[in-house]
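These are the residues of each chain, in order.
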Amino acid sequence: MHLLKAFGSIWGGRIFKNETIEKAQNRIFLEETGLQLNRDTLKFLGVSDHIYQDNLFLSPGFGTHYVCLAYEVTIKSSDLPKTRIQHSEYAWRDVETLLRSDDVHENTKVCFKF
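Structure report, in brief. Computed from a predicted model, the values in this text were never measured in an experiment.

Procedures and definitions
- Residues numbered from 1 in each chain as written.
- Predicted model: local features only at pLDDT ≥ 70, side-chain atom pairs only at ≥ 80, totals over all residues.
- Heavy atoms only, no water.
- Salt bridge = Lys/Arg side-chain N within 4 Å of Asp/Glu carboxyl O.
- Helix = DSSP H or I, 4+ residues; strand = E, 2+ residues; numbered from the N terminus.
- Buried < 20%, exposed > 50% of the residue type's maximum accessible area, 1.4 Å probe, protein only.
- Patch = residues over 30% accessible without salt bridge, like charges linked within 9 Å, V, L, I, M, F, W, Y side chains within 5 Å.
- Areas by Shrake-Rupley, 256 points an atom, 1.4 Å probe, with all protein chains shown as cover.
- Expected span 1.5 Å × (residues − 1).
- Contact = heavy atoms within 4.5 Å.

### Quick notes on the pattern of salt bridges
Here comes step 1: Under the defined criterion, the tally for this structure stands at four salt bridges.
Here comes step 2: Between E31 and R27 there is a salt bridge, with the nearest N and O atoms lying 3.6 Å from each other. Placement of both E31 and R27 in helix α1 (residues 21-33) is noted, with a separation of four residues, approximately one turn of the helix.
Here comes step 3: For E31, a relative accessible area of 39% translates into the label partly exposed.
Here comes step 4: Close ionic contact of E106 with K109 constitutes a salt bridge, the shortest N to O distance being 3.3 Å. With a gap of three residues between them, E106 and K109 both fall in helix α3 (residues 106-110), about one helical turn apart.
Here comes step 5: The buried category is assigned to K109, whose relative accessible area is 6%.
Here comes step 6: Here the salt bridges share partners, and the residues they tie into one network are E19, R27 and E31.

Pasting the structure below:
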């Protein structure tokens, strides 16, 4: 079994208007991994703020503030996605390696420190 602290580059996205957190989690997890989310293995870790100076539209004068909900989910190693579903590339790393990696964004690392 692999324990994935599921966040950011592992799974992340927007919650749509009138969409519950549970429905968003199920939708996003399926979109990002191709797997059905097993809610029995879902563990809430905490909340973090991600603040950027720019914004999606590259409009001057304001940045972006994401409020991120970090979760851990247990996935069998045999169930790990083997194809690229949404991203051009991805990697499975243990937490210690991820935290030492220069190619992992600091905001992603925050959620692996809970």
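Here the narrative resumes, following the displayed structure.
### Let's talk about the environment of W92
Here comes step 1: Mapped onto the secondary structure, W92 falls in the loop between β3 (64-75) and α2 (95-100).
Here comes step 2: Separated by twelve residues in sequence, W92 and L80 place their C-alpha atoms 9.1 Å apart.

### Examining a nonpolar patch on the surface
Here comes step 1: Taken together, the side chains of I15, I21, F44, V47, V67 and L69 make up a nonpolar region of the molecular surface, amounting to roughly 520 Å² of accessible area.
Here comes step 2: Of all elements in the fold, only β2 (43-52) and β3 reach the threshold of two or more residues within the nonpolar patch.
Here comes step 3: Inspection of the secondary structure assignment puts I15 in the loop between β1 (2-4) and α1.

### Comments concerning unusual backbone geometry
Here comes step 1: At N18, a position not held by glycine, the phi torsion is positive, near 65°.
Here comes step 2: Along the polypeptide, N18 turns up in the loop between β1 and α1.
Here comes step 3: Look at N18 and you get exposed, because its relative accessible area is 78%.
Here comes step 4: Positioned with a positive phi, L58 is a non-glycine residue whose angle comes to about 55°.
Here comes step 5: Note on placement: L58 falls in the loop between β2 and β3.
Here comes step 6: According to the relative accessible area criterion, L58 is exposed, its value standing at 67%.

### A few points about α1
Here comes step 1: Along its 13 residues, α1 runs 18 Å from first to last C-alpha, staying within 8% of the 18 Å computed at 1.5 Å per residue.
Here comes step 2: Of all the residues in α1, the buried ones are A24, Q25, R27, I28, F29, E32 and T33.
Here comes step 3: For α1, the elements touching its buried residues are β3.

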